[in-house]
Amino acid sequence: MNNQHLAAFLNHQSIVTMAFGVFSALTMTSAATAGTLKVTVENLAPQQGVVVTPLWVGFHDGNFDIFNSGEVASSSLERLAEDGSTAPIANQFLASGTGLIEGTIFGPGISPTSPPVIPPGAIASRIFEVDSGLASSHYFSYAAMIVPSNDAFIANGNPLTFKIFDDAGKFIGADFIVSGNNIWDAGTEVNDEIPGNTALLGQTTPNTGVTENGVVRLHPGFIPGGNILSAFPNADFTTSGYQVARIKIEQVPEPGNTAGLLITGGLLWMGYRFRKQFSLGIEETDRVKRML
């Protein structure tokens, strides 16, 4: 192998080394930065079934307790369960010191002029930047009002139910279905189903209805033949097998990783082409030497 061949060969080796170096560097950088998570909610109820209001979600250390069955609902849960308002629970979450990342996922609404609810068949999602290295981001909680109703809602009462990162920061994720038998009654407003007191039936102002002074419990269901089931005939969530929503937390590939794979692939292709040309060059040189 002459000096020219040797230089070409070393150049090729440098390209391959560079390719793997770029890939490794990008991978290490990605691992050290916040992960991108996508939270998706899909309303699984049948048409003319229950509607999910904008879904509040939060990432925390396992200590953010939204409610306990048999106990009085917090004021923030009352506002969510009666009016679908997520601002109070968001404020409570941020003041609790249990987590840093929270947000509300808005749906497409029932019509262009309706509130951003998530009707049957609709899907809504939102992207969150979550640092897996922080213990305050390892658990997931959610909450939303179910309408039409006086104070029905869905949420996880146990803050440790959904662990989305293990102790080492490795992503676990979650993908689960909320069934009709997991709809709760906040116990803050009487279930009279009077249109003026019932969200999505005719209520026009928040905090409207008869105070119940009760406790959180599983919802007994809507009044048979009442105003809700007359307007939404498929909203009887006590029916066996009734599904309300699917909630999924998945990891979105880092842009750096994608770029790294493309760069690596391009450099390796360049190396392949160079090696092929290098081999052909040696063969041509040997052929010329034999002729001489």
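Given the structure is predicted, the values throughout are model-derived calculations rather than measurements.

Caption draft 1: Quick look at the overall build of the protein. Within the protein one finds five helices and 12 strands. For the protein, with 292 residues in total, the buried portion stands at 42%. A fraction of 78% describes how many contacts in the protein between residues 6 or more apart in sequence connect residues 24 or more apart. Surface summary for the protein: the accessible area is close to 14500 Å², and the carbon and sulfur share equals 58%.

Caption draft 2: How the structure looks around the packing of aromatic side chains. In this structure the tally under the stated criterion is 13 aromatic pairs. Through pairs of rings, three or more aromatic residues link up here, namely Phe59, Phe128, Phe140, Tyr142, Phe162 and Phe176.

Caption draft 3: The nonpolar core, seen in detail. Counting residues in each nonpolar core, the largest one holds 39 residues, and the members touching the most others are Val39, Val50, Phe140, Tyr142, Phe176 and Ile247. The set of elements that each furnish at least two residues to this core consists of β1 (35-43), β3 (55-60), β5 (123-130), β6 (139-147), β7 (152-155), β9 (174-179), α4 (227-231) and β12 (243-252). Not counting chain neighbours up to four residues away, the residues in contact with Val39 comprise Val57, Phe59, Ile105, Ala124, Ser125, Arg126, Phe128, Phe140, Ile247, Lys248 and Ile249.

Caption draft 4: Looking closely at the sheet that holds β1. Here we have four strands laid out as an open sheet, ordered β5-β1-β12-β9, and antiparallel in their pairing. Single-partner strands in this sheet number two, and they are β5 and β9. The average undirected angle you get between the axes of adjacent strands in this sheet is 15 degrees. Judged from the eight bridges that link them, β1 and β5 form a sheet pairing that is antiparallel. Across the sheet, Val41 pairs through a bridge with Ala124, a residue of β5.

Caption draft 5: The arrangement of unusual backbone geometry in detail. Of the consecutive residues Val147 and Pro148, the connecting peptide bond is found in the cis state with omega at 0 degrees. Mapped onto the fold, Pro148 is located in the loop between β6 and β7. Even without a glycine there, the phi angle at Gln48 is positive, about 65 degrees. Relative to the helices and strands, Gln48 is located in the loop between β1 and β2 (51-52). Judged by relative accessible area, which is 47%, Gln48 ranks as partly exposed.

Caption draft 6: Spotlight on the pairing of β6. Judged by how many residues are buried, β6 sits mostly within the fold: nine of nine residues are covered. Neither face of β6 is open: one carries Tyr139, Ser141, Ala143, Met145 and Val147, the other Phe140, Tyr142, Ala144 and Ile146, and all of them are buried. With two bridges connecting them, β2 and β6 associate as antiparallel partners. Each bridged residue has a counterpart across the sheet, and for Val51 the counterpart in β6 is Val147. When β3 meets β6, the two strands line up antiparallel, connected through five bridges. Residue pairing in the sheet places Val57 in a bridge with Tyr142 of β6. Bridge count for β6 against strand β8 (residues 162-163) is two bridges, and the pairing is antiparallel. Counted as the bridge partner of Tyr139 is Lys163 from β8.

Caption draft 7: Structural context of the side chain of Asn150. Its place among the elements puts Asn150 in the loop between β6 and β7. Of note is the side chain of Asn150, whose polar atom sits 2.9 Å from the side chain of Glu189. A polar contact is formed between the side chain of Asn150 and the backbone nitrogen of Glu193, at a distance of 3.2 Å. Discounting residues that sit within four places of it in the chain, Asn150 has contacts with Ala81, Glu82, Met145, Glu189, Val190, Asn191, Asp192, Glu193, Asn197 and Thr198.

Caption draft 8: Representation of the side chain of Thr188. Mapped onto the elements, Thr188 comes out in the loop between β10 (184-185) and β11 (217-218). Only 2.7 Å separates the side chain of Thr188 from the side chain of Glu82, close enough to count as a polar contact. Once residues lying within four places of it in the same chain are set aside, the contact partners of Thr188 are Ala73, Glu78, Glu82, Asp151, Val210, Thr211, Glu212 and Asn213.

Caption draft 9: Here's a closer look at helix α2 (residues 75-83). Of all the residues in α2, the buried ones are Ser76, Leu77, Arg79, Leu80, Ala81 and Glu82. Where the residues of α2 are buried, they touch α3 (87-96), β6 and β7.

What counts, and where the lines are drawn
- Residue positions are given per chain, counted from 1 along the sequence in the order it is written.
- This being a predicted model, a pLDDT of at least 70 is required before a residue's local features are given, and a value of 80 or more before pairs of side-chain atoms are given or counted; all residues contribute to the totals for chains, interfaces and linings.
- As a rule here, side-chain values cover all heavy atoms of the structure and leave hydrogens and water aside.
- Counting from the N terminus, the helices are DSSP H or I runs at least four residues long and the strands are E runs at least two residues long.
- Buried means the residue's accessible area, taken with a 1.4 Å probe over protein chains only, is under 20% of the maximum for its type, while exposed means over 50%, and partly exposed covers the values in between.
- By definition, residues are in contact when any of their heavy atoms lie within 4.5 Å.
- With residues, only the protein chains shown are counted as cover, and all accessible areas are computed by Shrake-Rupley using a 1.4 Å probe.
- Stacked, edge-to-face and tilted labels apply to pairs of Phe, Tyr and Trp rings (six-membered ring for Trp) whose centres lie within 6.5 Å, assigned for plane angles under 30 degrees, over 60, and everything in between, in that order.
- Residues belong to a common nonpolar core when they are buried Ala, Val, Leu, Ile, Met, Phe, Trp, Tyr or Cys residues joined through side-chain atoms within 4.5 Å.
- Whether two strands pair comes down to DSSP finding at least two bridges between them.
- Orientation is described by axes fitted as lines to C-alpha atoms, over the contacting stretch for helices, and by angles from 0 to 180 degrees between their N-to-C directions.
- We call two N or O atoms a polar contact when they sit within 3.5 Å, provided that within protein one can donate a hydrogen and the other can accept it, with sequence-adjacent residues counted only if both atoms are side-chain atoms.

Function-wise, these values are silent; they only describe arrangement.
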